[in-house]
Amino acid sequence: MNNNHDLSQIYLDANATTPVLPQAAQAALSAMELLFGNPSSSHITGLRAKDLMEQTRNKAKQILGSENGKIIFTSGATEGIQTAILSALISAREALKATQQRGEDCYLLYGATEHKAVPESLKHWNALLGINAKVIAIPVDGYGNLDHDFISQYAPKSLMICTMAVNNETGVYQDLSALENTIRQASSTIFWLVDCVQALGKISLNLAQTTIDYAPFSGHKLYAPKGIGFIYIRENAPLTPVIAGGGQESGQRSGTENLPGMAAINVIFDQLVATDSCFASHQTLHAYRQQLADTLRQAFPQIVFNHSFDNSVPTTLNFAIKGFSSKEIMDLFDAANIRVSSGSACSSKVTRSFVLDAMGLPAWQSESAIRLSFGPAMTQAEVSQACQRIISTAQALTQSCMVLDSANIDDKTPLNGLVQLRSGASCTWVYIEAASKKAFIIDPLPELTERLDTLLQCQQLDLIAIIDTHGHADHVSGRVLLAEKHPQNIQCDGLGWPQTALSVTENGRQLEYIQLADKWLVKVPTPGHTGDSISLLLCQPLSGSDTLASNTLFAFCGDTILMGTLGRTNFDSSSAVSMYGSIQLLSSVLAPQSLICASHDYQNEFATHLSAECLRNPLLQQVSQNTITVDEFVARKLALDSQLNDQTGSEILCGALPTASCSKLKPIIEYSAASLDIALHSSKVKLIDIREPHEYALHHTSKACENVPLTRLVQFMQQHQHDKDSEWVLVCRSGSRSLVAAQAMQRLGFSHIAHLKGGYALAH
């Protein structure tokens, strides 16, 4: 698989937004060109505009069953939420004053899986209005259903309750009838907002037959343009305008009306009731979901769906794939030109799903969650094409040894050299000698056990050693699990170092080593971070006057020397005195630019060397140059370690990062697509695609001369240690990975490195 042809886009992120339906776009354009009057104008053009607006309002009432309730047009759901909450809380505040109650004794309730727009708005207006009620989340069970007992307990003392009809991440819907019974049995006066953004066109609504006070909707979630929405307000429910001004919408929402948006959503309303609608039936949508779910199970046998299909709308699939982060699957699908998301589009930078956390799902499912969603205008042809493309993504993973396919194990591209795998900031290093099919692993992480096992089997490798650089405080080593799958018939010490009779003398020290084909792996005791800490130097064999400094390719120093800092020495087994000696030893056996591969990479810098570290780490420089005493080092190290805060996250930091640890570098050269095209034709610029092999295989530009995935970046830098003046431009999906890689390379002396700003996403 090696595709450099453009793939058509398959859009499966409808819960974030939808394309505008062609008929709706045409209606909006017509309104801009022909029916452009101001609905407040009294001339014919204005009257025609107003008629369109009222037609649209009446259709909304018909579809929602709102009867005497109000329909007010807004800019979208967020404005509707503000309108509802402000209106309810102002009325509640007046009621509190009349009865001489304190807001502090009351509650504002919202569903724990609610879109963040709701709790954040509750907190905002609660504070701004000086009510100061307690804002609390209603728990949900493992299926996403709200806890009715909790509502029964708290609703009598609450001013407002906010729930959602359909969840935007999981598609889980609430039983509104049962929910209404619970709420109204507990309180007949509590204001009730139901977020209906994901409900329109997916579940039936008859709002006037309920006691729902407020229901906001958004046009762009159902094929209308962004910027148009509406809110249902129950008859006699309080209303305070959020926007004052010219008195439009009967003084309830000022501002000139968005007539093109209304014209577009008018078409959507027509489609919702038409017998020959372009919207599929619920039965058809269920069939689409089943086809997609079956394909996902076929492509990814380890898939887990994060919600039940029994209480969720058919247009949303939320899943996780064991062993893959949500970012990895996002990148994979994007490379295949399939658009999915890792959760709410409004919180796309969040690394895990608060919705799935609230449901009590395992952390790995929350961290690996992918949302695939489509709208009712989906067609069978689009579903079938999506399924074919999903299968191709799985094939790409198999080809790059991310997934094992024992039936075709001999057709894989052999790996050769160093591979860096990560889980969070922790690093595992795999070195492979392709010719002999032998490999060793340094600092195996338990989270990566399956991936490492798959890699070894897929590449048909003989594992000669699995070694930890020290006993880890933040996790149990994955060495034992790997050794069970790949047993070694050799005695090893507590860190996995094999018993060996081979040794070499360096600076008067006798150092053990093992052989990997034509390479040596030399063990250097470097206590300090822990009492058992070692460094492992991969080098060319020494002969004659050769030294480790001249022959070392990679130095696996564990947590002794980290990017921007030194490993902590405040564990019970640590010793700053020992670390002082270990740093001096490493400084004597490594060349200034020997690549150091650490066990942790907190700043996404991949690797480092002594020259780069001494420029920004004065303490390391002073020890290396022997210009500081042991006692001075111990005192300075104590002060450095005092900056550690192990409560900032679940992972124990293995080194404090001083705020001034980064040396200043010149800005990375950024190309646009146009300027890069000129450069590629007029200079010696080489384009390097740094996405992972499975992404590259699915789609890449023919202009990229080489694929250097981030997992192989350190190997690439070592191979080009004497070629740092070449002009390379790095490219990835969005420009974020290429920028990080370019910064890392520049820091290590690659002086003409650049990247494509915006990546492939903006290249067209």
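So, here is what we can say about the structure in this document. All values reported here derive from a predicted model rather than from experimental measurement. (Residues numbered from 1 in each chain as written. Predicted model: local features only at pLDDT ≥ 70, side-chain atom pairs only at ≥ 80, totals over all residues. Heavy atoms only, no water.)

## What about the overall build of the protein chain?
(1) Moving on: Summing up its helical and strand segments, the protein chain has 23 helices and 29 strands in all.
(2) Moving on: If one aligns the C-alpha atoms of the protein chain with their principal axes, the spans along those axes are about 100 × 60 × 50 Å.
(3) Moving on: Considering only intrachain contacts with a sequence separation of at least 6, the fraction spanning at least 24 residues in the protein chain is 69%.
(4) Moving on: Carbon and sulfur atoms provide 51% of the accessible area of the protein chain, an area that totals close to 31,400 Å².
(5) Moving on: When the 54 basic and 70 acidic side-chain charges of the protein chain are each reduced to a single mean position, those positions are 5 Å apart. (Helix = DSSP H or I, 4+ residues; strand = E, 2+ residues; numbered from the N terminus. Contact = heavy atoms within 4.5 Å. Areas by Shrake-Rupley, 256 points an atom, 1.4 Å probe, with all protein chains shown as cover. Lys, Arg positive; Asp, Glu negative; His and termini not counted. Charge placed at Lys NZ, Arg CZ, Asp CG, Glu CD.)

## What to know about the packing of helix α2 (residues 44-64) against helix α7 (residues 259-273)
(1) Moving on: Direction vectors running N to C along α2 and α7 enclose 35 degrees, while the axes themselves pass 9 Å from each other. As α2 runs across α7, the sense of the crossing is left-handed. In contact with Ala49, Leu52, Met53, Gln55, Thr56, Lys59, Ala60, Gln62 and Ile63 of α2, α7 contributes Leu259, Met262, Ala263, Ile265, Asn266, Phe269, Asp270, Leu272 and Val273.
(2) Moving on: Of the residues in the contact of α2 with α7, the class split is 12 nonpolar, 4 polar and 2 charged. (Axes fitted to C-alpha atoms, helices over the stretch in contact; angles between N-to-C directions. Left-handed = near helix turned anticlockwise from the far one by under 90°. Nonpolar A, V, L, I, M, F, W, Y, C, P; charged D, E, K, R; others polar.)

## A word on unusual backbone geometry
(1) Moving on: You will see that Asn507, though not glycine, has its phi angle at about 50 degrees, which is positive.
(2) Moving on: Take Asn507: its relative accessible area is 55%, and that puts it in the exposed class.
(3) Moving on: Even without a glycine there, the phi angle at Ala517 is positive, about 55 degrees.
(4) Moving on: Note that Ala517 resides in the loop between β18 (509-516) and β19 (519-525). (Buried < 20%, exposed > 50% of the residue type's maximum accessible area, 1.4 Å probe, protein only.)

## A closer look at the pattern of salt bridges
(1) Moving on: As enumerated under the stated definition, the model contains 31 salt bridges in all.
(2) Moving on: With a shortest N-O distance of 3.4 Å, Arg297 and Asp294 are connected by a salt bridge. Within this pair, Arg297 and its partner Asp294 are both found in helix α8 (residues 282-299), separated by 3 residues, close to a single helical turn.
(3) Moving on: Assessed through its relative accessible area of 38%, Asp294 is described here as partly exposed.
(4) Moving on: One salt bridge in this structure joins Glu695 and Arg737, with 2.9 Å as the shortest N-O distance. Taken as a pair, Glu695 in helix α21 (residues 693-698) and Arg737 in helix α23 (residues 736-747) lie far apart in primary sequence, 42 residues in all.
(5) Moving on: Residue classification places Glu695 among the buried residues on the basis of a relative accessible area of 2%.
(6) Moving on: Given a relative accessible area of 11%, Arg737 falls into the buried group.
(7) Moving on: Here the residues in one salt-bridge network are Lys327, Asp331, Asp334, Arg339, Glu695, Arg733 and Arg737, joined through shared partners. (Salt bridge = Lys/Arg side-chain N within 4 Å of Asp/Glu carboxyl O.)

## Notes on the packing of aromatic side chains
(1) Moving on: The full count for this structure, using the stated rule, is 18 aromatic pairs.
(2) Moving on: Summarising the aromatic geometry, the rings of Phe440 and Phe556 are spaced 6.2 Å apart at their centres and angled 85 degrees between planes, so their arrangement reads as edge-to-face. Of this pair, Phe440 sits in strand β15 (residues 438-442) while Phe556 sits in strand β21 (residues 552-558); the two residues are 116 residues apart in sequence, bridging distant segments of the chain.
(3) Moving on: Where Tyr580 meets Phe633, the ring centres are 5.7 Å apart and the plane angle is 55 degrees; that geometry is what we call tilted. Of the two residues, Tyr580 is situated in helix α16 (residues 576-589) and Phe633 in helix α19 (residues 630-641); the sequence distance between them amounts to 53 residues.
(4) Moving on: Accessibility expressed as a relative area gives 7% for Tyr580, which makes it buried.
(5) Moving on: Classification of Phe633 as buried rests on a relative accessible area of 0%.
(6) Moving on: The ring of Phe324 has Arg451 lying over it, and the distance from NZ or CZ to the ring centre is 4.9 Å. (Phe/Tyr/Trp six-rings, centres within 6.5 Å; stacked < 30°, edge-to-face > 60°. Lys NZ or Arg CZ within 6 Å of the ring centre and 35° of its normal.)

## Some points on the nonpolar core
(1) Moving on: Core analysis: the biggest nonpolar cluster contains 62 residues, and Leu64, Phe217 and Phe230 have the highest contact counts within it.
(2) Moving on: In terms of residue count, α7 provides more of this core than any other element does, 8 residues in total. (Core = buried A, V, L, I, M, F, W, Y, C linked by side-chain atoms within 4.5 Å.)

## Digging into the packing of α8 against helix α12 (residues 380-399)
(1) Moving on: Where α8 meets α12, the closest approach of the two axes is 9 Å, and the angle between their N-to-C directions is 10 degrees. In terms of orientation, α8 and α12 fall into the roughly parallel class. Contacts between α8 and α12 involve Tyr288, Gln291, Leu292, Thr295, Leu296, Gln298 and Ala299 from the former and Gln380, Val383, Ser384, Ala386, Cys387, Ile390, Ile391 and Ala394 from the latter. (Parallel < 35°, antiparallel > 145°, perpendicular 65-115°, else oblique.)

## Focus on the pairing of strand β24 (residues 595-598)
(1) Moving on: What you see with β24 is no split at all: Leu595 and Cys597 on one side and Ile596 and Ala598 on the other are buried throughout.
(2) Moving on: Two strands pair when backbone bridges link them, and β21 and β24 are joined in this way by 4 bridges, in the parallel orientation. Pairing of Phe556 across the sheet is with Cys597, part of β24. (Pairing = 2+ DSSP bridges.)

## Re the state of the cysteines
(1) Moving on: Across all of its chains, the model carries 1 disulfide by this definition.
(2) Moving on: Paired by a disulfide, Cys401 and Cys458 hold their sulfur atoms 2.0 Å apart. Torsion about the S-S bond of the Cys401 and Cys458 cystine: about -65 degrees, corresponding to left-handed handedness. Pair noted here: Cys401 is in the loop between α12 and β13 (417-423) and Cys458 is in helix α13 (residues 449-458), with a separation of 57 residues, a long-range link.
(3) Moving on: Here Cys401 falls in the buried class, since its relative accessible area comes to 2%.
(4) Moving on: Free cysteine Cys597: the closest other cysteine sulfur is in Cys557, separated by 8.3 Å.
(5) Moving on: Looking at Cys614, it has no disulfide partner, and the nearest cysteine sulfur is the one in Cys557, 13 Å off. (Disulfide = S-S within 2.5 Å.)

Taken by themselves, the reported measurements are silent on function.
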